[in-house]
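# Fold and contact review
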Number of protein chains: 2
Amino acid sequence: MKIRIGIVGYGNLGRGVECALKQNGDMELYGVFTRRAPESVKTLTNVNVYHIDDILKHKENIDVLVICGGSATDLPTQTPQLAHNFNVVDSFDTHAKIPEHFERVDKAAKEGKNVAMISVGWDPGMFSLNRLYAEAILPEGKDYTFWGKGVSQGHSDAIRRIEGVIDARQYTIPVDEALNSVRDGENPELTTRQKHIRECFVVAADNADKELIEKQIKEMPNYFADYDTTVHFISMEEMKENHSTLPHGGVVLRSGKTGLNSENNHIIEYSLKLDSNPEFTASVLVAFARAAFRMSGEGMYGCKTVFDVPPAYLSSESGENLRKRIL
Amino acid sequence: MKIRIGIVGYGNLGRGVECALKQNGDMELYGVFTRRAPESVKTLTNVNVYHIDDILKHKENIDVLVICGGSATDLPTQTPQLAHNFNVVDSFDTHAKIPEHFERVDKAAKEGKNVAMISVGWDPGMFSLNRLYAEAILPEGKDYTFWGKGVSQGHSDAIRRIEGVIDARQYTIPVDEALNSVRDGENPELTTRQKHIRECFVVAADNADKELIEKQIKEMPNYFADYDTTVHFISMEEMKENHSTLPHGGVVLRSGKTGLNSENNHIIEYSLKLDSNPEFTASVLVAFARAAFRMSGEGMYGCKTVFDVPPAYLSSESGENLRKRIL
């Protein structure tokens, strides 16, 4: 009996989940749920598409829903709503609002006696786990998270909202000097500007004032003003040819001391180099959907995060095999 | 009320645990238990030292024992014995014998209704965890573990047993070419020789036949025969000055594919650079001792490994704080 998964929302992330499920023999995709007209949605694997309003009719056929909406407007309402009736996993990634999202989802999941796993992905997600493990092992130390090189969709969108911009892609790039200083155990204090640079590729309208666009980008508060930013104007052809994929990645480091007089230094580093940000995030979601199913099967319920999941629950293999093969 | 820890065995690892406990405000060291005459053992922090034969008298004063013996002869008997009466953590690291160690310890821990956490450290331990997470996320992929640069104590001991050798230190070093090929997503098939080189520093007796020693090292089956090995003869002064510490580390990588046609590649890398192998291992043991205490407090018992521990149990902070601060 396979674990039956439903996908809610069919964008890049939903398609990523659809692909990831093909790699997991103990799981199967029951269907995709969308707000659009189902007949207008063509899936990669020809799985059934249903309207989200009909989802309760499928309750008995679904073990876990993977909710693939956005953190700004979709997940804050969708995840609590669906957690009343389903085990769910989401990738809510607005770090500052995680506590309130947790509270809302926890209440719903407890009422429905379901497991609701939130903020699953790589940051929050695998990066958070690595911050936690590293801090627990080396309490006297310092944490660093670098993102990139990769496309920041939020920053790309912000550029697209500038008048005269037709398309834009923004890459976040860690500053090598800062990264190497951390790796060398120098425990530097780093400003925002010292950690990352931002590189922008912009397609401007023919009659646009490029100088003004560049100025507006570089001075944009929160998004660019605190960074060294470079802007390149390119053609639409070049955009399509060289900037159509969504790579990302990053590094979490902890540098900490041990010894009677803190005489020894240790560096723990976790890094990701991802060809496709949404497909990797989807792969993490699918592994945690398995865990949600198992935890629910053991009678657990309520809101959970990656911090609450015994790692063995992520694998389809028995504890015995895992101990033998990879411990 | 602090978590009260007992240390069993007082070598490099036991001293490391003693130091690590000073960094964890929610834990305290109750005492050290040794097979030696207690009055002959001088601890770093002047904690009480007791004979191991008297340990049951202290049962009510100890929440978790951290067993710091060796995997060859100490742990196979000590861990099951002590798990009858205490929550315990050990660093059993003979990978091939983990299943049988697990069985023995599980039986004892279940009889005593205690939590016994085995094979805690960095490999097995943190490296195993990273192999598990990475494999669960990227089921279509390939795993690589590299060790070093660092001192292998087993290999150093093997050299010391050769006639004419007064002292020896062996460094295991990953081959950069192999490591970079994996990092570049080339998914190479690597032989033992292609992954690591072995560098040996040897102090020979005045009248020793150095050529013969070098030959005996390089041809030693299992330890050196399958590797490119270099041997340097040095003076005892040089050994003391340049090779007295026990650094180690290594890298766990997984390179895996996602996408409808496996068109995207992802690299997950976890690496450690450790000034002191025993102190880092001790720090991992202490974090998992906290988890053992909590799991026991919730009524769990039996043998556990790092795969069974929800990461939040490793931290002294509340779930709420962890979600707010590092998720």
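Here the structure is a predicted model, which is why all the values come from computation and not from measurement. (Residues numbered from 1 in each chain as written. Chains lettered and ligands numbered in written order. Predicted model: local features only at pLDDT ≥ 70, side-chain atom pairs only at ≥ 80, totals over all residues. Heavy atoms only, no water.)

Averaged over every residue, the pLDDT of chain A is 96; residues scoring 70 or more account for 100%. The ipTM value of the predicted complex is 0.96, and its pTM value is 0.96. (pLDDT = per-residue confidence, 0-100.)

The subject of this paragraph is the nonpolar core. One finds Phe288 of chain A together with Phe288 of chain B to be the most contacted residues of the largest nonpolar core, which totals 156 residues. The contact partners of Phe288 of chain A, leaving out residues within four places of it in the chain, are Val89, Met117, Val120, Met126, Leu129, Val306, Val309 and Leu314 of chain A. Membership of the second largest hydrophobic core comes to 14 residues, among which are Ala158, Ile159, Met220 and Phe224 of chain B. (Core = buried A, V, L, I, M, F, W, Y, C linked by side-chain atoms within 4.5 Å. Buried < 20%, exposed > 50% of the residue type's maximum accessible area, 1.4 Å probe, protein only. Contact = heavy atoms within 4.5 Å.)

This paragraph deals with the relation of the copies chain A and chain B. For the pair of chain copies, the relating transformation is a rotation about an axis with a translation along it. The transform that puts chain A on chain B rotates by 180° and translates by 0.0 Å along the axis, for an RMSD of 0.0 Å. With respect to symmetry, the two chain copies, as superposed, fit the operation of a two-fold axis. Both copies contact each other with a shared surface, as 99% of the interface residues of chain A are interface residues in chain B too. (Least-squares fit on C-alpha atoms with pLDDT ≥ 70 in both.)

Below, the discussion takes up the pairing of strand E13 (residues 264–274) of chain B. With respect to burial, E13 of chain B is a largely interior element, 10 of its 11 residues being buried. Of the strand pairs in this sheet, strand E13 (residues 264–274) of chain A and E13 of chain B are connected by 9 bridges, and their pairing is antiparallel. Paired with Ser271 of chain A across the bridge in E13 of chain B is Glu269 of chain B. Of the strand pairs in this sheet, strand E12 (residues 248–258) of chain B and E13 of chain B are connected by 11 bridges, and their pairing is antiparallel. (Helix = DSSP H or I, 4+ residues; strand = E, 2+ residues; numbered from the N terminus. Pairing = 2+ DSSP bridges.)

Reports of interface size often rely on the accessible area that becomes lost once the parts have come together. Taken together, the contact pairs 68 residues of chain A with 67 residues of chain B. Counting the surface lost from both chain A and chain B, the interface buries some 6,100 Å², and carbon and sulfur atoms represent 61% of this. Among the ionic pairs, Arg325 of chain A bridges to Glu135 of chain B, the shortest N-O distance being 2.6 Å. Taken together, the links from chain A to chain B amount to 31 residue pairs in polar contact (both at pLDDT 80 or more). Counting only elements with at least two residues in the side of chain A that touches chain B, the list comes to helix H3 (98–112), helix H4 (126–137), strand E12 (248–258), E13, helix H10 (277–297) and helix H11 (319–325) of chain A. Ranked by residue count, the leading element in the side of chain A that touches chain B is E13 of chain A, at 11 residues. Of the residues in the side of chain A that touches chain B, the class split is 33 nonpolar, 17 polar and 18 charged. (Buried area = accessible area lost by both parts, 1.4 Å probe. Salt bridge = Lys/Arg side-chain N within 4 Å of Asp/Glu carboxyl O. Polar contact = N/O pair within 3.5 Å; in protein donor to acceptor, adjacent residues only side chain to side chain. Nonpolar A, V, L, I, M, F, W, Y, C, P; charged D, E, K, R; others polar.)

What follows covers unusual backbone geometry. That bond from Asp123 of chain B to Pro124 of chain B is cis: its omega, 5°, falls within 30 degrees of zero. Within the secondary structure, Pro124 of chain B sits in the loop between strand E6 (115–117) and helix H4 (126–137). In this model, Gly148 of chain B is joined to Lys149 of chain B through a cis peptide bond whose omega is 0°. Mapped onto the elements of the fold, Lys149 of chain B is located in the loop between strand E7 (141–147) and strand E8 (150–151). The phi dihedral of Asn222 of chain A is positive, around 65°, even though this residue is not glycine. Locating Asn222 of chain A in the fold gives a position in the loop between helix H8 (210–218) and strand E11 (228–233).

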